[in-house]
Amino acid sequence: MKVHILIGPPGCGKGTQAKRLVEKRSLIHLSTGDILRDAVSKGTEIGLRVKALMASGMLVDDNTVNGIVFARLQDETGDVLFDGYPRTLSQAESLQTFLSVQGIALGFVVDIEIREQELEARVVNRRVCSNNSCGAIYNLNSKAPRVEGVCDLCGSPLKHRADDTTEAFRSRMVEFNKTFKPLQAFYQGMPNYRFVEGNRPPDEIYDQLVHLFQEQA
Ligand code: AMP
């Protein structure tokens, strides 16, 4: 078993790329954002605690997120692709300790970088399928659904994430800029770290990732 990691700012395409890659490479997609949104929509104890924080674009505390991730990893046997985790140096260090204790290998760490000016427009125009088991991602500018407000793949209504507003996006960028450099520095020294230029069409990035995942991490 191995875990691969996608890092990069909100709106850089981690979710979109992860969803395509897991189909192609039979990986298990673990998005902490999706898991937390699911907890919010089900009104679980964690969901109630993090709802307002998430809607305002703040990060959930490391202990809560690590707890969710480690519980999930203990249940999985296949290779995993993380999207949105780890997000802080402390999460990366805790994950590293967990992996070595469990004897799980770290695969690729893919860092998708993109110009900050691009991100806000991507995020505010993002729409996602409300059916969690589908979760398809659209963009009103660059990848609009065929029928307005309806998922092309499963026909469920599309929704606008509570934190995909301009205001919440700006808080998310503040959080990102506070936490990202140390996280990136932690992984940059590792042999499986790969930088990906994100200011390109999503299909081109996807092809590069497919190619990369053909190598042995
Ligand atoms: P995402 O779907 O990755 O954009 O995450 C949406 C929101 O979920 C973030 O703005 C945070 O509030 C929360 N979240 C997701 N992953 C993490 C994480 N690894 N650490 C802290 N908060 C997270």
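Q: Account for the site of the ligand, with residues named and values stated.
A: If you check the shell around the ligand, you find 16 residues, and the closest are Thr-32, Arg-37, Met-58, Gly-84 and Gln-91. Contact distances for the ligand include 2.7 Å between a nitrogen atom and a side-chain N or O atom of Thr-32. The contact in question runs from an oxygen atom of the ligand to an N or O atom on the side chain of Arg-87, over 3.0 Å. Here the ligand loses 96% of its free accessible area of 480 Å² to cover by the protein chains. A total of four residues in the shell around the ligand trace back to one element, the largest contributor, which is helix α2 (residues 32-42). Of the residues assigned to the shell around the ligand, the class counts are seven nonpolar, four polar and five charged.

Q: Got a sec to walk through the packing of aromatic side chains? Specific residues and values, please.
A: Inspection of every chain in the model, using the stated rule, returns five aromatic pairs. On the numbers, 4.3 Å between centres and 5 degrees between planes, the contact of Phe-70 with Phe-98 is stacked. Linking Phe-70 in helix α4 (residues 62-75) with Phe-98 in helix α5 (residues 89-102), this pair joins segments that are 28 residues apart in sequence. Here the two residues Phe-70 and Phe-98 agree in accessibility, since each one is buried. Here the guanidinium or amino end of Arg-20 rests over the ring plane of Tyr-206, the centre of that ring lying 3.8 Å away. When the ring centre of Tyr-138 is taken as origin, the NZ or CZ atom of Lys-143, which lies over that ring, is 4.9 Å away.

Rules and cut-offs
- Residues numbered from 1 in each chain as written.
- Predicted model: local features only at pLDDT ≥ 70, side-chain atom pairs only at ≥ 80, totals over all residues.
- Heavy atoms only, no water.
- Near = heavy atom within 4 Å.
- Polar contact = N/O pair within 3.5 Å; in protein donor to acceptor, adjacent residues only side chain to side chain.
- Areas by Shrake-Rupley, 256 points an atom, 1.4 Å probe, with all protein chains shown as cover.
- Helix = DSSP H or I, 4+ residues; strand = E, 2+ residues; numbered from the N terminus.
- Nonpolar A, V, L, I, M, F, W, Y, C, P; charged D, E, K, R; others polar.
- Phe/Tyr/Trp six-rings, centres within 6.5 Å; stacked < 30°, edge-to-face > 60°.
- Buried < 20%, exposed > 50% of the residue type's maximum accessible area, 1.4 Å probe, protein only.
- Lys NZ or Arg CZ within 6 Å of the ring centre and 35° of its normal.

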